[in-house]
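Take a look at the letters that make up each chain.
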Amino acid sequence: MTEIRTPRLLLRRWTDDDLVPMAEINADPEVMRWIGDGSVRDLEETAEDIERWEEEWDEEGFGLFAVELLGSGELIGFAGLSVPEFLPEVLPAVEIGWRLGRPFWGQGYASEAAHAALEFALQDRGLDRVVSITHISNTASENVMRKLGMTPERDTVHPVFDVPLRVHAIDLSEYQG
């Protein structure tokens, strides 16, 4: 089982106990406003998401980690790696992404988890390049991308939802660790 510990977080594979807290995060319209068309996701859709994320772990050797607080064991969201199949123009690529519950925003958890996932991608999994994709108006996520050392690569439009996106990238040669 792949686990990463940071000073405050545990990044780990998914368990059955994660379904309800992740579904609560996915049911928050404020959390989901930058995801796809902004629709919330219910318990069944969240279960399908987790199943797909676990399949990606098995198929690719990487995936989205469940992120929990070390102190309490509380699930606060996810961070990790996925293949951004929704945006064919950037493929082949591996994307780093994150989604945290609103009570955990503004405390540096997204940056801490994303940094650990980026290090995992570049050092443990041997990837030489990682992208991150966000709605252009999502300044909080863009700030995390900058903290990771990622730079804007291109602006584009989501092929299904027709929303403006910005693709950031970092190469292994640019990674500062």
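Novice: What's the story with the overall build of the chain in this structure? I'm lost.
Specialist: The secondary structure content of the chain amounts to five helices and eight strands. Each helix (α) and strand (β) of the chain, taken in turn from the N terminus, gives the series β-β-α-α-α-β-β-β-α-β-α-β-β. In summary, the chain has a C-alpha radius of gyration of 15 Å against a globular reference of 16 Å for 177 residues, a match within 12%. Taken along its principal axes, the extent of the C-alpha atoms in the chain is 35 × 35 × 35 Å. The buried share of the chain, reckoned over its 177 residues, is 50%. Within the chain, contacts between residues at least 6 apart in sequence are counted, and of these 59% link residues at least 24 apart. A gap of 6 Å separates the mean positions of the 15 positive and 35 negative side-chain charges of the chain.

Novice: Hey, could you run me through the pairing of strand β2 (residues 9-12) in this one?
Specialist: Looking along a regular strand, one sees the side chains alternate between the two faces of the sheet. Side chains Leu-9 and Leu-11 project from β2 onto one buried face, and the interleaved Leu-10 and Arg-12 project onto a second face that is buried too. In this sheet, β2 lies alongside strand β1 (residues 4-5) in antiparallel orientation, the contact comprising two bridges. Its bridge partner being in β2, Ile-4 is matched across the sheet by Leu-11. A loop of three residues connects β1 with β2, the two strands running antiparallel in sequence. Bridge analysis of β2 against strand β3 (residues 64-69) gives four bridges, and the strand direction is antiparallel. By the bridge assignment, Leu-11 is partnered in β3 with Val-67.

Novice: Got a minute to help me understand the nonpolar core in this structure?
Specialist: Soluble globular proteins: nonpolar side chains tend toward being buried together. Among the nonpolar cores identified, the biggest contains 34 residues, and Ile-96, Trp-98 and Val-130 are the most heavily contacted of them. When neighbours within four sequence positions are excluded, Trp-98 is seen to be in contact with Phe-78, Ala-79, Ala-110, Ala-114, Ser-132, Ser-141, Val-144, Met-145 and Leu-148. In this structure, Met-22, Ile-25, Val-31 and Trp-53 belong to the second largest nonpolar core, which totals 11 residues.

Novice: Even after reading the chapter, I still don't get a negative patch on the surface, so can you show me in this structure?
Specialist: Judged by side-chain charge, Asp-42, Glu-44, Glu-48, Glu-51, Glu-55, Glu-59, Glu-60 and Glu-85 come together as a negatively charged surface patch. Judged by its relative accessible area of 40%, Glu-60 falls in the partly exposed class.

Novice: Could you clarify how one ought to interpret unusual backbone geometry in this entry?
Specialist: Comment: phi is negative for the bulk of residues other than glycine, and the bulk of peptide bonds are trans. A cis amide bond links Leu-91 with the next residue in sequence, Pro-92, at an omega value of 0 degrees. Along the polypeptide, Pro-92 turns up in the loop between β4 (75-82) and β5 (95-100). Despite not being glycine, Asp-162 has its phi angle at roughly 55 degrees, a positive value. In this structure, Asp-162 sits in the loop between β7 (151-157) and β8 (164-171).

Cut-offs and rules
Residues numbered from 1 in each chain as written. Predicted model: local features only at pLDDT ≥ 70, side-chain atom pairs only at ≥ 80, totals over all residues. Heavy atoms only, no water. Helix = DSSP H or I, 4+ residues; strand = E, 2+ residues; numbered from the N terminus. Rg over C-alpha atoms; globule rule 2.2 N^0.38 Å. Buried < 20%, exposed > 50% of the residue type's maximum accessible area, 1.4 Å probe, protein only. Contact = heavy atoms within 4.5 Å. Lys, Arg positive; Asp, Glu negative; His and termini not counted. Charge placed at Lys NZ, Arg CZ, Asp CG, Glu CD. Pairing = 2+ DSSP bridges. Core = buried A, V, L, I, M, F, W, Y, C linked by side-chain atoms within 4.5 Å. Patch = residues over 30% accessible without salt bridge, like charges linked within 9 Å, V, L, I, M, F, W, Y side chains within 5 Å. Areas by Shrake-Rupley, 256 points an atom, 1.4 Å probe, with all protein chains shown as cover. Salt bridge = Lys/Arg side-chain N within 4 Å of Asp/Glu carboxyl O.

Structural measurements only, silent on function.
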